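# Structure assessment
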Amino acid sequence: MSKYSIINILDMIEIIGEDKVAAVLSDFSCPLNSEIENFVRKNAIDFAKRKMSITHLVINEDGKLAAVFTLTHKAVEISNEGLSASTRKRLGRFAQLDQSTNSYTVSAFLIAQFGKNLNESVGNVPAGVQLMENAVKVLQKVQHDVGGGVMYLECEDKPKLLSFYGNDKNGFRVFNERFSEADQTKYIQLLRFF
């Protein structure tokens, strides 16, 4: 198995400078999801500097950007409808049920961007499960330091993505859906407890 280094984008900026980080990010290619590609190339640095979200760079053995994941925290509303009794009990540790909306509002860790660099010049990229393990390890460290117990993500309504996030290894479970304001793309929201 290949070894990868995980570097917080702010640390990378401090080490090599913003212009060089921007050059590294400009080669990120994710043809399966142009939203991730555009975010990495155009917004990752600005969002990190403004502390809106922090992108973590996954660097392969050759020193090339192999993948990224972007993390932040955000309040999310989770409808009580359709939740199992065990999920309700676990959510109750982090939020109270609002009887008027029949939902919980939870401060959760969001895996906002998650993708591999498919640029041909990169070489080794991590398997999706390995990339998710790295994202979860970073979140577990943060959770250990500041508390919390819920992480979530959103993905397009595609069976392959839903199967990947919901597999036994990743353990995310569907809790809601939403539609983007821009183009009405349907996103499935999935959560996981620590």
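Up top is the structure these notes are about.
The present account deals with the structure reproduced in this document. Note that the structure is predicted; figures quoted are calculated from it, not measured.

## Things to note about the overall build of the protein
Secondary structure summary: the protein contains 6 helices and 8 strands in total. Secondary structure elements in the protein, listed N-terminal to C-terminal, are β-α-α-α-β-β-α-β-β-α-β-α-β-β. Principal-axis analysis of the C-alpha atoms places the extent of the protein at approximately 50 × 35 × 35 Å. Evaluated residue by residue, the protein yields a buried proportion of 41% over its 194 residues. In the protein, 64% of the contacts between residues at least 6 apart in sequence involve partners at least 24 apart. Summing over all exposed atoms, the protein offers an accessible surface of approximately 10,900 Å²; the carbon and sulfur share of this is 48%. Charge centroids of the protein, computed over 23 positive and 23 negative side chains, lie 6 Å from each other.

## Some thoughts on the packing of helix α2 (residues 18-26) against helix α3 (residues 34-49)
The interhelical angle for the contact between α2 and α3, taken along N-to-C directions, is 145°, at an axis separation of 9 Å. The crossing of α2 and α3 is right-handed. Judged by residue contacts, Glu18, Val21, Ala22, Leu25 and Ser26 of α2 engage Val40, Arg41, Ala44, Ile45 and Lys49 from α3.

## As for the nonpolar core
Ile111, Met132, Tyr165 and Phe172 are the most contacted members of the largest nonpolar core, which has 22 residues in total. Listed by contribution, the elements that provide at least two residues to this core are β3 (65-79), β5 (103-116), α5 (128-146), β6 (150-156) and β8 (186-193). Top element by residues in this core is α5. It accounts for 5 residues. Residues contacting tyrosine 165, with those up to four places away along its chain left out, are Phe114, Met132, Leu153, Cys155, Asn170, Gly171, Phe172 and Leu190. Counting 18 residues, the second-largest nonpolar core is a separate cluster that includes Met12, Val40, Ala48 and Ile54.

What counts, and at which threshold
- Residues numbered from 1 in each chain as written.
- Predicted model: local features only at pLDDT ≥ 70, side-chain atom pairs only at ≥ 80, totals over all residues.
- Heavy atoms only, no water.
- Helix = DSSP H or I, 4+ residues; strand = E, 2+ residues; numbered from the N terminus.
- Buried < 20%, exposed > 50% of the residue type's maximum accessible area, 1.4 Å probe, protein only.
- Contact = heavy atoms within 4.5 Å.
- Areas by Shrake-Rupley, 256 points an atom, 1.4 Å probe, with all protein chains shown as cover.
- Lys, Arg positive; Asp, Glu negative; His and termini not counted.
- Charge placed at Lys NZ, Arg CZ, Asp CG, Glu CD.
- Axes fitted to C-alpha atoms, helices over the stretch in contact; angles between N-to-C directions.
- Left-handed = near helix turned anticlockwise from the far one by under 90°.
- Core = buried A, V, L, I, M, F, W, Y, C linked by side-chain atoms within 4.5 Å.

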